[in-house]
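# Descriptive analysis of the structure
Letter by letter, the chains look like this.
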Amino acid sequence: MSTINQSGWRPTTPEAGEASGATFTGNRALMLEEPLIFEIGSSDTTGVDFGEMPEGKSRLGGLERKSIGLPGLSEPETVRHYTRLSRQNYAIDLGLFPLGSCTMKHNPRLNERVARLPGFADLHPLTPVDSAQGAFEVIDQLAHWLITLTGMHSVAMSPKAGAHGELCGVLAIRAALEARGEGDRKILLVPISAHGTNPATAAFANFTVEDIPATDDGRVDLEALKARLGPDIAGVMITNPNTCGLFERDMKAISDAVHAAGGYVYCDGANFNAIVGRVRPGDLGIDAMHINLHKTFSTPHGGGGPGSGPVVLSEALTPYAPLPFVEKDGAGYRLVEEETAGEHHAGTFGRMVAFHGQMGMFTRALTYILSHGADGLRQVAEDSVLNANYILRSMEDVLDAPFAKSGPCMHEAIFSDEGLPEGFSTIDIAKALIDEGYHPMTMYFPLVVHGAMLVEPTETESKAALDQFIGAFRSVAARARNGDPSVKTAPHFAPRRRLDETLAARKPVLAWKDPDVAQAAE
Ligand SMILES: *Cc1c(COP(=O)(O)O)cnc(C)c1O
């Protein structure tokens, strides 16, 4: 029999409650237990009163369904259901989000205000260009600042995420090679310190991926890279700062060598917040680099979107940039499309999106850039690096920090599970952090570090917030080091305990089955 009664509770007897520390409702203080909507709703309940349907003759030949079995609730029950679920979520507006490589930082409310101005928010993508001049001016101004901040030649604004930007850059590289009659350069070299999307993008665009090893200090092995260059190499894809949280100091030497061998240099610039205002990728010889507007220039993200990944391009790759893009002439802004491209853009590889890109994120990013100004953006980079180094140095006596000797880190600090007692691993520390009220850091990535813990505090956390996080992180790490068995069973205070995440990923159960029906079928 189903243990769920009509109202969806899982009642425990008072005696059982006393013995197990459970409550009658399953709630714990204000942490509310909430069943699935299928368990509490029924198909004959609804929040809306419809009049009786008039009898009509069906034209569906008996194929119509009387009910599709969707659960219904009254309006207040619906509101409570989703509000209760939302309270089981963690968000940047609740606390520090140390996910490495994700830049989960505060999103200034001013950005939201501007993005919601009806002139931007309500604009239809098919609005005639004459009636959308303000929006095109925003795109053009943002493009100007992205080019200025990176020291590059042009920018393709339309890609809709970091990985989408990578695809844009790699397709531009392919178009440039084909235009030179060297389309048989099929290999992209990807260092093992690159973000996982880099080899995935290269493979998706039909290149063959070859690894380049890292040196012991966590950077690209320049000699190994030089040794592999030749007439079959299309180029390299390098994440800088890399996923070990380090700046690739040899970037200029790498670019020079790759160019001399006829290849192009793609740089993954998702973590531009670590260097904005301090380093111009154009000065390092880069040909294409995406910028994650949703990381460096704010915009809330996570849970799959929205994203925006403009790609800055060198002069060599500019002719191959995707359409459309915005140009200004005497009459105002205009949109360069296939029909109007002319010989100037004859090399374009095509287009990435149906329209112009993510307008809501363009307005947020431009607001962010203009409200910070040149000095403010430079401080973004300085504070993101300072905060990460503060965490690195505050933890290195309780957790192994494999690159602590390689010099200061950039925007993220990396630790390993080296030195934890037998049976204890990174996941135990991550789960115990949930009990402390924190979303865990990035785990087991990058792959070059055993049991990696990658922590990015971001520039928007105060010293007080960092100290509290460090206190929790140190306490959990020390308990793991001392072999405290309760760390192995954490989290103890979360609505759910330790789940079999591998099983959930490999065999996800995505459809609800009525337990009574399932039982009847047995
Ligand atoms: C986030 C990230 C990406 C991917 O960006 P998406 O917008 O999620 O596609 C790529 N590279 C690095 C280094 C990143 O941090």
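These lines cover the structure that appears in this document, whether it is placed above or below.

What counts as what
- Residues numbered from 1 in each chain as written.
- Predicted model: local features only at pLDDT ≥ 70, side-chain atom pairs only at ≥ 80, totals over all residues.
- Heavy atoms only, no water.
- Salt bridge = Lys/Arg side-chain N within 4 Å of Asp/Glu carboxyl O.
- Helix = DSSP H or I, 4+ residues; strand = E, 2+ residues; numbered from the N terminus.
- Buried < 20%, exposed > 50% of the residue type's maximum accessible area, 1.4 Å probe, protein only.
- Pairing = 2+ DSSP bridges.
- Axes fitted to C-alpha atoms, helices over the stretch in contact; angles between N-to-C directions.
- Contact = heavy atoms within 4.5 Å.

## Points about the pattern of salt bridges
Applying the stated criterion across every chain, the model contains 26 salt bridges. We note a salt bridge from Glu459 to Lys105, for which the minimum N-O separation is 2.5 Å. A residue pair is termed long-range when its members are at least 10 positions apart, and Glu459 in the loop between β12 (453-455) and α14 (463-481) and Lys105 in the loop between α3 (75-86) and α4 (109-115) qualify at 354 residues. For the pair shown, Glu459 and Lys105 are each scored as buried. Across the pair Lys463 and Asp467 runs a salt bridge whose closest N-O atoms are separated by 2.9 Å. Of this pair, Lys463 and Asp467 both sit in helix α14, four residues apart, roughly one helical turn. When its relative accessible area of 54% is taken as the criterion, Lys463 is described as exposed. Relative accessible area serves as the criterion here: at 30%, Asp467 is assigned to the partly exposed category. Connected via shared salt-bridge partners are Glu112, Arg116 and Arg364.

## Comments concerning the sheet that holds strand β6 (residues 288-290)
Strand order in the open sheet made by the seven strands is β1-β7-β6-β5-β4-β2-β3, with mixed pairing throughout. At either margin of the open sheet sits one strand with a lone partner, and together these are β1 (154-156) and β3 (208-212). Along the sheet, successive strands turn relative to each other by an average axial angle of 25 degrees, direction set aside. Two elements, strand β2 (residues 187-191) and strand β4 (residues 233-239), share three bridges in a ladder whose sense is parallel. Bridge pairing links Leu189 to Val236 in β4. Along the sheet, helix α6 (residues 133-150) contacts β1, β6 and β7 (311-313); its crossing angle with β1, the most-contacted strand, is approximately 125 degrees. Each of β1, β2, β4, β5 (264-268), β6 and β7 is contacted by helix α7 (residues 162-179), which is oriented at about 175 degrees to β5, the strand it contacts most.

Geometry only, nothing functional implied.
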